[in-house]
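Each chain, letter by letter, is given below.
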Amino acid sequence: MFRPMQSDDTPSGEMPLDFLTLDDALILRQGLRGVQIVDVRQIGDHPSAGPEVVAFLEAEGLEASFRTIGRMVPPPLRRFVFRYSGNRAELTVTPGAGL
């Protein structure tokens, strides 16, 4: 079970999150309905964003791969951008966008 980090006390079986929020989880679930494979690419070097997203997706039963890219021109305006091809999606994660 995943939850946003709210205290130093982490109940057993839950993973504290530094990047993902409950709203993010809803966006990811809605944006990835009907998808089985997700290629996650993170812009920049946020230390926990990509791994948290991949762990969340795998916990949701999706197959996920991860890579980082230095930058994108123009940069995305939202934290998550989806591109679809059949039952596969490319998810671009931009930690600094939309804050």
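Residues numbered from 1 in each chain as written. Predicted model: local features only at pLDDT ≥ 70, side-chain atom pairs only at ≥ 80, totals over all residues. Heavy atoms only, no water.

Visitor: Could you give me a rundown of the packing of aromatic side chains, with the residues and numbers involved?
Guide: Centre-to-centre distance and the angle between the planes together describe a pair of aromatic rings. Within the structure shown, the criterion is met by 2 aromatic pairs. Look at Phe19 and Phe80: their rings are 6.2 Å apart centre to centre, the planes differ by 75 degrees, and that puts the pair in the edge-to-face class. With a gap of 61 residues between them, Phe19 in the loop between β2 (15-17) and α1 (22-31) and Phe80 in strand β5 (residues 80-85) connect regions that are remote in the sequence. Residue Phe19 shares its accessibility class with Phe80, and that shared class is buried. Both rings, one in Phe82 and one in Tyr84, keep their centres 6.2 Å apart while their planes meet at 5 degrees; by these two values the pair is stacked. Residue classification places Tyr84 among the partly exposed residues on the basis of a relative accessible area of 46%. Between Arg79 and the ring centre of Phe19, over which it is positioned, the NZ or CZ distance is 4.1 Å. (Phe/Tyr/Trp six-rings, centres within 6.5 Å; stacked < 30°, edge-to-face > 60°. Helix = DSSP H or I, 4+ residues; strand = E, 2+ residues; numbered from the N terminus. Buried < 20%, exposed > 50% of the residue type's maximum accessible area, 1.4 Å probe, protein only. Lys NZ or Arg CZ within 6 Å of the ring centre and 35° of its normal.)

Visitor: Tell me what's going on with unusual backbone geometry, and back it up with residues and numbers.
Guide: Excluding glycine, residues mostly have negative phi values, and the peptide bonds linking residues are mostly trans. With an omega of -10 degrees, the peptide bond between Val73 and Pro74 qualifies as cis. Among the structural elements, Pro74 can be located in the loop between β4 (63-69) and β5.

Visitor: Which residues make up the sheet that holds β4, and what values do they have?
Guide: The 4 strands lie next to each other as β4-β3-β6-β5, forming an open sheet whose pairing is mixed. This sheet does not close on itself; its edge strands, each paired only once, are β4 and β5. Shown here is a sheet whose adjacent strand axes are inclined to one another by a mean of 20 degrees, direction ignored. Note that strand β3 (residues 37-43) and β4 share 7 bridges and pair parallel. Bridge assignment links Ile37 to a residue of β4, and that residue is Glu63. Running over the sheet, α1 touches β5 and β6 (88-93) and is turned about 15 degrees from β5. (Pairing = 2+ DSSP bridges. Axes fitted to C-alpha atoms, helices over the stretch in contact; angles between N-to-C directions. Contact = heavy atoms within 4.5 Å.)

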